[in-house]
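# Breakdown of the fold
Each chain is listed here by its residues.
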Amino acid sequence: MANPLQQFVIKPLIPLNIGGYDVSFTQSSLWMGLAVISATLLMTLSMRSKSVVPNRWQNVTEMIYEFVAGMVHEALGHEGRKYFAFVFSVFMIVLMGNMLGMIPYSFTFTSHIVVTGTLALMVFLTATLVGIFRHGLHFFTLFLPAGLPIFLAPLIILIEIVSYLSRPISLSVRLFANMVAGHTMMKVFAGFSVMMAASSGLGMAGAVLPLLINTALVGLEILIAFIQAYVFAVLTCMYLKDAIELH
Amino acid sequence: MNDKSGELARKIRAAQERQRQIVTGGNDGSGEPGKDEKGKALRAGTDLVAALAVGIFLGYWVDRWLDTKPWGVIFFVFVGFAAGFLNIYRSQTGQDYKVGFKPTVPDAPKDGASGEDGKTD
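Residues numbered from 1 in each chain as written. Chains lettered and ligands numbered in written order. Predicted model: local features only at pLDDT ≥ 70, side-chain atom pairs only at ≥ 80, totals over all residues.

## Points about the overall build of chain B
Helix and strand counts for chain B stand at 5 helices and 0 strands. The buried share of chain B, taken over its 121 residues, is 21%. (Helix = DSSP H or I, 4+ residues; strand = E, 2+ residues; numbered from the N terminus. Buried ≥ 20, exposed ≤ 12 C-beta atoms within 10 Å, placed from the backbone.)

Okay, structure coming up:
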């Protein structure tokens, strides 16, 4: 039986080496490129006709757009329009990464912490910089809750800063762990099926059971792929909200 | 005729309300409790561990910088735990990821102030 974690191994397609660094074009890079291309094609091709009564593709695009627009409006209000493009891009790359990963023989690039970590760090830095540019040094009062006794301040500020710094970590780990766990689980159940089918008698007949579970798991994974993209985008909005409103 | 358009307006409002619920679903605390609780529980785990990891990393870094091994790590583990529980407390009480202690107020005043709500949807 194949190792269930084998699917996450990075394979270089075009080996490249610049200045002693391995910058090979890997299958992960390939699927990232495909995610960007497919998202762009979906958005542009489906909106080509721009009909009042949308066809299926246009409907999908409009649904995604309205979904994200509603989310941004809900969290940030009118102020949020400026950040719509950013949230939408983050949502689309995560969604496409998760969904393309559901195609058999494809590669899920969101199953690598380095990818989700970079995305989360980008969101975190954007939110922090937005806060600093909007509020200047006043931004750092974020770490000082109102009405705090002054002798507690050093400890609370430290705790608040650690809490703030933990946000990109929990954001990236959540997406990465969900993807790894889901895809590993599917592989394990598929492995059960293969092993049971290879045995004789009763085992062979029982091979259909893990297959049934796997069928259900694929549905669950598609749901999780969407939910995780949604969670990532919602939390992006939340972080931006903190930076903008500065309660 | 008038009756029909009134009915249509009512239908549109109902659909918009449904759409709003789908968009905010599970996130405004008023939705189905079961689904919401599970999401919160899943979130709590990563929140605690993430804050602890930041604490340990900071402690290790402080130790190397000030040569105070092992006191930095010992101190920052506790700070990390405190921050982790703070994270959990906030997500459980609907303050979400806010830094600071003001609870999330449903954004009624914000929308009322702008007054051109219909345009953005």
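Once you've had a look at it, read on.
## What to know about the overall build of chain A
In terms of helices and strands, chain A carries 7 helices and 4 strands. Reading chain A from its N end, one meets helices and strands in the order β-β-β-β-α-α-α-α-α-α-α. Across the 247 residues in chain A, those meeting the buried criterion constitute 32%. In chain A, of all internal contacts separated by at least 6 residues, the share reaching a separation of at least 24 is 63%. (Contact = placed C-beta atoms within 7 Å.)

## So, the packing of helix α5 (residues 153-198) of chain A against helix α7 (residues 208-245) of chain A
Residues and elements named next belong to chain A. One can describe the packing of α5 onto α7 by two numbers: an axis separation of 10 Å at closest approach and a directional angle of 175 degrees. Judged on the interaxial angle alone, α7 and α5 are roughly antiparallel. When its residues are assigned to classes, the contact of α5 with α7 shows 18 nonpolar, 5 polar and 3 charged. (Axes fitted to C-alpha atoms, helices over the stretch in contact; angles between N-to-C directions. Parallel < 35°, antiparallel > 145°, perpendicular 65-115°, else oblique. Nonpolar A, V, L, I, M, F, W, Y, C, P; charged D, E, K, R; others polar.)

## Concerning the nonpolar core
Ranked by internal contacts, the top residues of the largest apolar core, which has 59 residues, are V87, V90, F91, F232, A233 and C237 of chain A. Only α1 (27-46), α2 (56-76), α3 (84-100), α4 (113-135), α5 and α7 of chain A together with α2 (33-66) and α3 (71-92) of chain B provide two or more residues apiece to this core. The element contributing the most residues to this core is α7 of chain A, with 13 residues. Once residues within four sequence positions are removed from consideration, F91 of chain A is found in contact with V68, A229 and A233 of chain A. (Core = buried A, V, L, I, M, F, W, Y, C linked by C-beta atoms within 7 Å.)

## A word on α1 of chain A
Residue and element names in this part refer to chain A. The end-to-end C-alpha distance of α1 is 27 Å, a good match for the 28 Å that 20 residues give at a rise of 1.5 Å each. All buried positions along α1 are accounted for by S28, W31, A35 and A39. One side of α1 carries all its buried residues, which in axial view fall inside an arc of 80 degrees. Opposite its buried face, α1 presents the exposed residues G33, I37, T40, L41, T44 and L45, each directed more than 90 degrees away. (Expected span 1.5 Å × (residues − 1). Arc of directions from axis to C-beta.)

## Some details on the confidence of the model for chain B
All names here are of chain B. Mean pLDDT over chain B: 70, with 57% of residues reaching 70 or higher. Model confidence for chain B, summarised as mean pLDDT per element, is weakest for helix α5 (residues 117-120) at 37 and strongest for α3 at 90. Counting interchain partners and residues more than four positions distant, the pLDDT-below-50 stretch residues 99-121 has 25 contacts. Here the predicted complex scores 0.78 on pTM and 0.75 on ipTM. (pLDDT = per-residue confidence, 0-100.)

## Describing unusual backbone geometry
Between K69 of chain B and the following residue, P70 of chain B, the backbone shows a cis peptide bond with an omega angle of 0 degrees. Not every positive phi belongs to a glycine, and Y105 of chain A is a case in point at roughly 70 degrees. The topology assignment puts Y105 of chain A in the loop between α3 and α4. You can call Y105 of chain A exposed: it has 5 C-beta atoms within 10 Å. Even without being a glycine, D67 of chain B presents a positive backbone phi close to 60 degrees. For D67 of chain B, the position within the fold is in the loop between α2 and α3. Since 8 C-beta atoms lie within 10 Å of it, D67 of chain B is described here as exposed.

## Some words on the confidence of the model for chain A
Interpretation of this model should avoid reading the predicted coordinates in detail wherever pLDDT is low. In this model, chain A carries a mean pLDDT of 89, and residues with pLDDT of at least 70 account for 99%. Highest mean pLDDT in chain A belongs to α3 of chain A (94); lowest belongs to helix α6 (residues 202-206) of chain A (82).

## Comments concerning the environment of F133 of chain A
All names here are of chain A. Examined against the element boundaries, F133 turns out to sit in helix α4. For F133, a count of 10 C-beta atoms within 10 Å puts it in the exposed group. For the pair formed by F133 and I244, sequence separation is 111 residues and the distance between their alpha carbons is 9.7 Å.

## So, the packing of α4 of chain A against α7 of chain A
All names here are of chain A. Between α4 and α7, whose axes approach to 8 Å, the crossing angle comes to 20 degrees. Here α7 runs roughly parallel to α4, going by the angle between their axes. Handedness of the α4/α7 crossing: right-handed. In this structure, α4 uses V123, F124, A127, T128, V130, G131 and R134 to contact α7, whose residues at the interface are T236, Y239, L240, D242, A243 and I244. Partitioning the contact of α4 with α7 into residue classes produces 8 nonpolar, 3 polar and 2 charged. (Left-handed = near helix turned anticlockwise from the far one by under 90°.)

## Overview of α4 of chain A
Residue and element names in this part refer to chain A. Under the 1.5 Å per step criterion, the end-to-end length of α4 is 32 Å for 23 residues, consistent within 8% with the ideal 33 Å. Considered for burial, the residues of α4 that qualify are V115, T116, L119, A120, V123, A127 and G131. Buried residues in α4 make contact with α3, α5 and α7. With its phi angle positive at about 65 degrees, G136 sits one or two positions after the end of α4.

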